[in-house]
Amino acid sequence: MSATQHTAPSGHEGADASQVYGRCFDAVVIGGGVIGLASAWQASKRGLAVAVVDPDPGHGASWAAAGMLAPVTEAHYGEEALLHLSLASARLWGAFAEELEADTGSDIGYRRCGTMLVAFDDDDRMAARQLYEFQLKLGLQVRWVSGREAREMEPNLAPGIRGALWAPNDHQVRTRHLVRALLDACQESEVAFVPERAVALEAPGGRLSAVRLASGIRLTCGAAVLAAGSWSRSVDGLPELAQVPLRPVKGVILRLAPAPLTASATPETEPPPLLTRTVRGMVQGSHVYLVPRADGSIVLGATSEERGFDTTVSVGALHDLIRLARRLVPGVTEMVLADATAGLRPATADNGPVIAAMGGDSGAEGLVLAFGHYRNGILLTPITASAVSAWLCGDPAPDEVSAFGPSRFCAPGSPGLPADGVR
Ligand SMILES: Cc1cc2nc3c(=O)[nH]c(=O)nc-3n(C[C@H](O)[C@H](O)[C@H](O)COP(=O)(O)OP(=O)(O)OC[C@H]3O[C@@H](n4cnc5c(N)ncnc54)[C@H](O)[C@@H]3O)c2cc1C
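A. Fine view of the side chain of S232. On the secondary structure map, S232 appears in the loop between β11 (218-226) and β12 (246-257). From its side chain, S232 meets the backbone nitrogen of A228 in a polar contact 3.1 Å long. Of note is the side chain of S232, whose polar atom sits 2.8 Å from the backbone oxygen of G229. Not counting the four nearest positions on each side in its chain, S232 is found in contact with L226, A227, L238, L246 and F371.

Quick look at the structure:
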């Protein structure tokens, strides 16, 4: 799914066929990205027999993502419902990380580092100030800092920057550590991995009963979760209500490592990390971000390209990202390019996810939808997994997800539909 070569995370190559085929699962999860894996892990911990179907688990958009947990600096005009959902999920993140780390013994790099949104020139300052006023009106925790104050907080910012919005509660997680930990957690809780592509849902009589795989095999189940990211519409047998507008938005992202130390370097002479907080930049109307990890590496992202399912990394994308980052933090040019990846953000017509349990009138009772998380899927993982696992166990989901059902795309004039309502 991405431009780099990956080896399968060890131990997750797939279950022995005899353990899987012919068995009836309480829930089959289609898609092993962060959304499907976290949902499977939590459902399994609640006592359900769960299988994850995915030919390449963990290597979709989730493998590319920067891992910003940033409801405030991601707040956009007209997306207030999404903001409420994002804030609710951000509040769950601390406990979610703690539980995952306790279950797996791994460090997923959840860091309460805060985020600075830096304005490069006067026009960028004006745009950032407008966003700041909007955020203040929404009651969000933000503070405006002068260029000088921003440089005192992050001395490696370029001297000419015009000011910054400081969001102390926008944090980060190391996404690839998160993905590996979720794979381990699923394994630990006996989730079965089926290394295949799901091709169709079977719901005779309006009740979901099986997921058909590319090999022709049917996995019988009491429920299914559609969590295949940008590919969620590729599965046949979706009820009409679930056929919402969905498109992949390519993001190219770079991973930069600190420059190698010289032979004479000692721990005392080792340079401090380039940044300590996440820095998002507005640079002459373009956007870029730098997410510093605890080991001194930096994740630099990301492009936003509408090119279908293409995941190549163009030279132009690399050039644009490095050019923008260098204007904000000139020292990045000393770093080493460690990785370049492209991932596909699953985007709906209103930028919000689809998180819903299909009822009896849908023609596929027992189907749970969990896709379309676009640019916030890592942030939204805890609340999505909590809703999905609750529904699978017959419990109520958190209130904040109620605005994210698929029916919002059905009314004439709704996002993604022409006024006559024809899809
Ligand atoms: C460059 C980039 C940077 C990002 N940065 C951030 C960030 O900082 N913070 C944030 O919150 N979000 C970020 N995102 C968004 C986030 O990565 C996504 O919203 C999230 O990963 C979506 O997760 P998912 O599990 O739905 O999809 P994916 O991770 O794409 O997983 C979908 C899975 O479904 C599988 N699949 C596909 N078809 C089938 C099928 N037919 N049968 C079975 N399996 C199938 C695929 O193999 C894949 O493993 C970023 C995205 C990109 C691309």
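B. Looking closely at the nonpolar core. In this structure, W93, L100, L178, L182 and L392 are the most contacted members of the largest nonpolar core, which totals 41 residues. Counting only elements with at least two residues in this core, the list comes to β1 (24-30), α2 (34-45), β2 (50-53), α4 (80-104), α7 (175-188), β11, β18 (367-371) and α9 (381-392). Every residue in contact with L178, bar those within four places of it in the chain, is listed here: V34, W93, F96, L100, I108, V173 and I378. Formed by 32 residues, the second largest nonpolar core is a distinct cluster that contains A150, L157, V252 and A325.

C. Here's a closer look at the site of the ligand. Near the ligand lie 36 residues; those nearest to it are D54, S62, M68, A198 and Y374. Take G67: an N or O atom from its main chain is 3.1 Å from an oxygen atom of the ligand. A distance of 2.9 Å separates an oxygen atom of the ligand from a polar atom in the backbone of L379. When the ligand is considered free in solution it has 1,000 Å² of accessible area, and contact with the protein chains removes 98% of it. At the level of elements, α2, α3 (61-64), β12 and β16 (336-348) are the ones that each hand at least two residues to the shell around the ligand. Its residues assigned to classes, the shell around the ligand shows 19 nonpolar, twelve polar and five charged. Split by domain, the shell around the ligand shows at least three residues from each of two domains, domain 1 (1-111 + 171-245 + 349-423) and domain 2 (115-168 + 248-348).

D. Here's a closer look at unusual backbone geometry. Omega for the peptide link from G301 to A302 comes to -20°, which places this bond in the cis form. Within the chain, Q284 stands out as a residue other than glycine whose phi angle is a positive 50°. Within the secondary structure, Q284 sits in the loop between β13 (278-283) and β14 (286-292). Its identity is not glycine, yet Y374 carries a phi of approximately 45°, on the positive side. Among the secondary structure elements, Y374 is positioned in the loop between β18 and α9. With relative accessibility at 15%, the residue Y374 sits in the buried group.

Analysis parameters
Residues numbered from 1 in each chain as written. Predicted model: local features only at pLDDT ≥ 70, side-chain atom pairs only at ≥ 80, totals over all residues. Heavy atoms only, no water. Helix = DSSP H or I, 4+ residues; strand = E, 2+ residues; numbered from the N terminus. Polar contact = N/O pair within 3.5 Å; in protein donor to acceptor, adjacent residues only side chain to side chain. Contact = heavy atoms within 4.5 Å. Core = buried A, V, L, I, M, F, W, Y, C linked by side-chain atoms within 4.5 Å. Buried < 20%, exposed > 50% of the residue type's maximum accessible area, 1.4 Å probe, protein only. Near = heavy atom within 4 Å. Areas by Shrake-Rupley, 256 points an atom, 1.4 Å probe, with all protein chains shown as cover. Nonpolar A, V, L, I, M, F, W, Y, C, P; charged D, E, K, R; others polar. Domains from an automatic or database assignment.

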